[in-house]
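Residue-level structural notes
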Amino acid sequence: MRRACARLTVVDFKEYALSQLEPPPGRVLEVGCGHEGGIAPALAAAGYDVLAIDPAAPEGPLYRRVTLEELDDPRPFDAVVAGRVLHHVHPLGAALDKLAGLAPLLVLDEFAWNHMDEPTIDWYESQHRLLEAADRDPHGPHDIGHWREQHADLHPYETLRAEVDARYEERDFAWRPYFYRWLRGPASEALEAGLIAADAIRPIGFRYAGVRRETVRSPADER
Ligand SMILES: C[S@@+](CC[C@H](N)C(=O)[O-])C[C@H]1O[C@@H](n2cnc3c(N)ncnc32)[C@H](O)[C@@H]1O
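To keep things clear, this report deals only with the structure shown in the data block. It should be emphasised that the depicted structure is a prediction, and the values quoted were computed from it without experimental measurement.

Reading guide: rules and limits
Residues numbered from 1 in each chain as written. Predicted model: local features only at pLDDT ≥ 70, side-chain atom pairs only at ≥ 80, totals over all residues. Helix = DSSP H or I, 4+ residues; strand = E, 2+ residues; numbered from the N terminus. Rg over C-alpha atoms; globule rule 2.2 N^0.38 Å. Buried ≥ 20, exposed ≤ 12 C-beta atoms within 10 Å, placed from the backbone. Near = placed C-beta within 6 Å. Nonpolar A, V, L, I, M, F, W, Y, C, P; charged D, E, K, R; others polar. Axes fitted to C-alpha atoms, helices over the stretch in contact; angles between N-to-C directions. Left-handed = near helix turned anticlockwise from the far one by under 90°. Contact = placed C-beta atoms within 7 Å.

**Observations regarding the overall build of the protein chain**
From N to C terminus, the protein chain includes 9 helices and 7 strands. Over its C-alpha trace the protein chain gives a radius of gyration of 18 Å, about what one expects of a compact globule, namely 17 Å for 223 residues. Scored against the burial criterion, the 223 residues of the protein chain give a buried share of 36%.

**Re the site of the ligand**
Neighbouring the ligand are 18 residues, the closest being Gly32, Gly34, Thr67, Leu68 and Gly83. Taken together, the residues of the shell around the ligand sort by class into 8 nonpolar, 6 polar and 4 charged.

**Observations concerning the packing of helix 3 (residues 92-102) against helix 6 (residues 157-167)**
Interaxial distance between helix 3 and helix 6 falls to 10 Å at its minimum, and their mutual angle equals 35°. For the element pair helix 3 and helix 6, the recorded crossing hand is right-handed. Across the interface between the two elements, Leu92, Gly93, Leu96 and Ala100 of helix 3 pack against Leu160, Glu163, Val164 and Arg167 of helix 6. Residues that form the contact of helix 3 with helix 6 fall into these classes: 5 nonpolar, 1 polar and 2 charged.

**Re unusual backbone geometry**
In this chain, Pro24 is followed by Pro25 through a cis amide linkage whose omega measures 10°. When you line up the elements, Pro25 lands in the loop between helix 1 (13-20) and strand 1 (27-31). Of the consecutive residues His90 and Pro91, the connecting peptide bond is found in the cis state with omega at -10°. Although it is not a glycine, Arg84 sits at a positive phi angle of roughly 60°. Take Arg84: it is sitting in the loop between strand 4 (79-83) and helix 3. The phi dihedral of Asp137 is positive, around 55°, even though this residue is not glycine. Among the secondary structure elements, Asp137 is positioned in the loop between helix 4 (118-133) and helix 5 (144-150).

Below, the structure is given as structure tokens:
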């Protein structure tokens with residue numbers, strides 16, 4: 001039995017983060033905003049005091065080109081948001097210790113890449129071929145097997161969850177589509193969501209919001 005998506009409405013990460021944050025004013029750290037700048041501008045426009053970090057961050061007053069490990073900011077934050085970042089970060093436990101020390105709320109948009117099963121991969125690769133044949137220039141890899149070989153260092157969902165759960169108590173969680181970001185076809189997200197709802201493919205994206213625990217638990221206790 002597959003795990004069903006609790007919510008399959010199309011809500012982007014910016015809207016999700018805004019739904020989880022306390023109303024402004026507040027100070028928010030975006031970790032791993034990427035070269036496109038992440039959701040920092042939307043959070044700033046909503047009234048938050050935002051700092052967004054990434055070695056590849058764009059120029060601008062919201063951004064600093066540093067890693068989380070290099071970040072040295074004396075003022076506390078009210079929340080940390082991170083989109084598709086933590087599954088890349090090594091060592092993950094130390095990074096989450098730092099995040100939990102910086103702010104009481106963690107809001108994530110993430111990728112359970114290891115949950116791709118055969119029907120899910122078949123669907124993705126066939127969509128990729130269709131979009132390529134239609135000159136839609138899909139963004140993601142055409143061969144998931146090859147992609148997996150090249151990304152062996154990513155944290156699987158269970159590792160990420162155990163490390164997060166050791167430090168935060170879940171306040172909100174939903175499985176959701178992910179491949180649409182790689183496919184970028186006109187109907188990719190709705191199609192992926194529909195197939196997940198029909199239990200034909202697995203959801204490999206998820207959104208999470210958690211509140212810092214008073215005491216850090218061992219990740220082993222969370223498994
Ligand atoms: C898949 S991209 C996601 C970018 C953006 N958040 C988005 O959703 O489009 C992952 C980003 O995380 C950044 N990143 C990885 N490890 C990091 C770290 N330790 N500190 C800060 N940024 C990091 C990378 O530089 C990269 O830009």
